[in-house]
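# Geometric and topological summary
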Amino acid sequence: GIPAAARRAPRAGAAAKEPEGGPSDDAWYGAIDGANSSDWLTRMRSFDSITEFVATGTLSMVRSSDCVPLVIQHLSDTHYRVVLAVMQTCDTMVEKVPDVLAPSLERLLVPLFQRLTDTKRQVAEKARSSLDALRRIYGVDTLVPVLHKVLDVTNNKVRVAAIEFMTYLLGFAAKYFSVAP
């Protein structure tokens, strides 16, 4: 997570102002702190709050970007309900603030691919849904280079999932492959 002192201090050169109607500092830091709680219900509720903040468009880009490491970290959470809440946060961020997630796509894809084989059917289905949302928003031209990097991962399940996802993307790739370099 983000150290408390670093979270509370505005970044150099970053606008600390939230959009009109943004969450109070207490609500925001409560959600961020709760995401790292040892209680699964608190973690889940924290991600539900973060999702709501992102969905309503009331987060600044700085605060939205602070969510990315939490989302990536908690995609590997031990409780499936937390994972489902995190994937919903991820989906909402993909729809509302795609530029914030774009630099972290490689780190985001690996845990999503791992979740495709989750024993909880809900989690595996949500992972597929999240990957489809990434495909719709970022497109083949953005995802193929990232997937090439993901293939370097040593986990064979991730490699297989990345290849399967690439195969799926081929159906949407006519434009990508028709452009000569």
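For the structure itself, consult the block above.
Summarised in this report is the structure supplied together with it. On a predicted model such as this, the values are computed, not experimentally measured, just so you know.

### Details of the overall build of the protein chain
When its secondary structure is counted, the protein chain shows 10 helices and zero strands. Reading the protein chain from its N terminus to its C terminus gives the helix and strand order α-α-α-α-α-α-α-α-α-α. Taken across its 181 residues, the protein chain has 45% of its residues classed as buried. Nonlocal contacts in the protein chain, meaning residues at least 24 apart in sequence, comprise 71% of its contacts between residues at least 6 apart.

### Description of the packing of helix α8 (residues 121-150) against helix α9 (residues 156-170)
Remark: α8 packs on α9, axes separated minimally by 10 Å, with the N-to-C direction vectors making an angle of 120°. Here α8 lies oblique to α9, going by the angle between them. Note on packing geometry: the crossing formed by α8 with α9 is left-handed. Residues L131, D132, R135, V140, L143, V144, L147, H148 and V150 of α8 pack against V158, A162, F165, M166, Y168 and L169 of α9. Across the contact of α8 with α9, the residue classes tally to 12 nonpolar, one polar and two charged.

### Concerning the packing of aromatic side chains
Two aromatic rings are characterised by how far apart their centres lie and by the angle between their planes. A complete count under the given rule lists three aromatic pairs for this structure. A connected cluster of aromatic rings, assembled from ring pairs, spans F113, F165 and Y168. Sitting over the ring of Y80, K120 keeps its end group 4.4 Å from the ring centre.

### Re the pattern of salt bridges
Scanning all chains against the criterion turns up seven salt bridges. In this structure, the salt-bridge partner of E95 is R136, at a minimum N-O distance of 3.4 Å. Residue E95 is found in helix α5 (residues 80-96), and its partner R136 is found in helix α8; the two are separated by 41 residues along the sequence. The partly exposed category is assigned to R136, whose relative accessible area is 45%. For R136, the salt bridge identified is with D132, shortest N-O distance 3.2 Å. Residue R136 and its partner D132 are located together in helix α8, separated by four residues, close to a single helical turn. Among the charged side chains, a network of salt bridges with common partners joins E95, D132, R135 and R136.

### Focus: the nonpolar core
Core analysis: the largest hydrophobic core is formed by 54 residues, its most contacted members being M93, L108, F113, L134 and L147. Among the elements of the structure, α2 (25-34), α3 (40-55), α4 (61-74), α5, α6 (98-101), α7 (105-115), α8 and α9 are those that each provide at least two residues to this core. Ranked by residue count, the leading element in this core is α8, at 12 residues. Sequence-distant contacts of M93, that is, excluding residues within four places in its chain, are made with V54, S64, C67, V68, V71, P98, V100 and L101.

### Concerning the packing of α2 against α3
Contact pair α2 / α3: the axes reach a minimum separation of 8 Å and the direction vectors enclose 135°. The angle between α2 and α3 falls in the class oblique. The interaxial crossing formed by α2 with α3 has left-handed handedness. Across the interface between the two elements, A27, W28, G30, A31, I32 and G34 of α2 pack against T42, R43, S46, S49, I50 and F53 of α3.

### With respect to the environment of S64
Mapping S64 onto the fold places it in helix α4. The exposure class assigned to S64 is buried, which follows from its relative accessible area of 1%. Residues S64 and I50, 14 residues apart in the sequence, show an inter-C-alpha distance of 9.0 Å.

About the criteria used
- Residues numbered from 1 in each chain as written.
- Predicted model: local features only at pLDDT ≥ 70, side-chain atom pairs only at ≥ 80, totals over all residues.
- Heavy atoms only, no water.
- Helix = DSSP H or I, 4+ residues; strand = E, 2+ residues; numbered from the N terminus.
- Buried < 20%, exposed > 50% of the residue type's maximum accessible area, 1.4 Å probe, protein only.
- Contact = heavy atoms within 4.5 Å.
- Axes fitted to C-alpha atoms, helices over the stretch in contact; angles between N-to-C directions.
- Parallel < 35°, antiparallel > 145°, perpendicular 65-115°, else oblique.
- Left-handed = near helix turned anticlockwise from the far one by under 90°.
- Nonpolar A, V, L, I, M, F, W, Y, C, P; charged D, E, K, R; others polar.
- Phe/Tyr/Trp six-rings, centres within 6.5 Å; stacked < 30°, edge-to-face > 60°.
- Lys NZ or Arg CZ within 6 Å of the ring centre and 35° of its normal.
- Salt bridge = Lys/Arg side-chain N within 4 Å of Asp/Glu carboxyl O.
- Core = buried A, V, L, I, M, F, W, Y, C linked by side-chain atoms within 4.5 Å.

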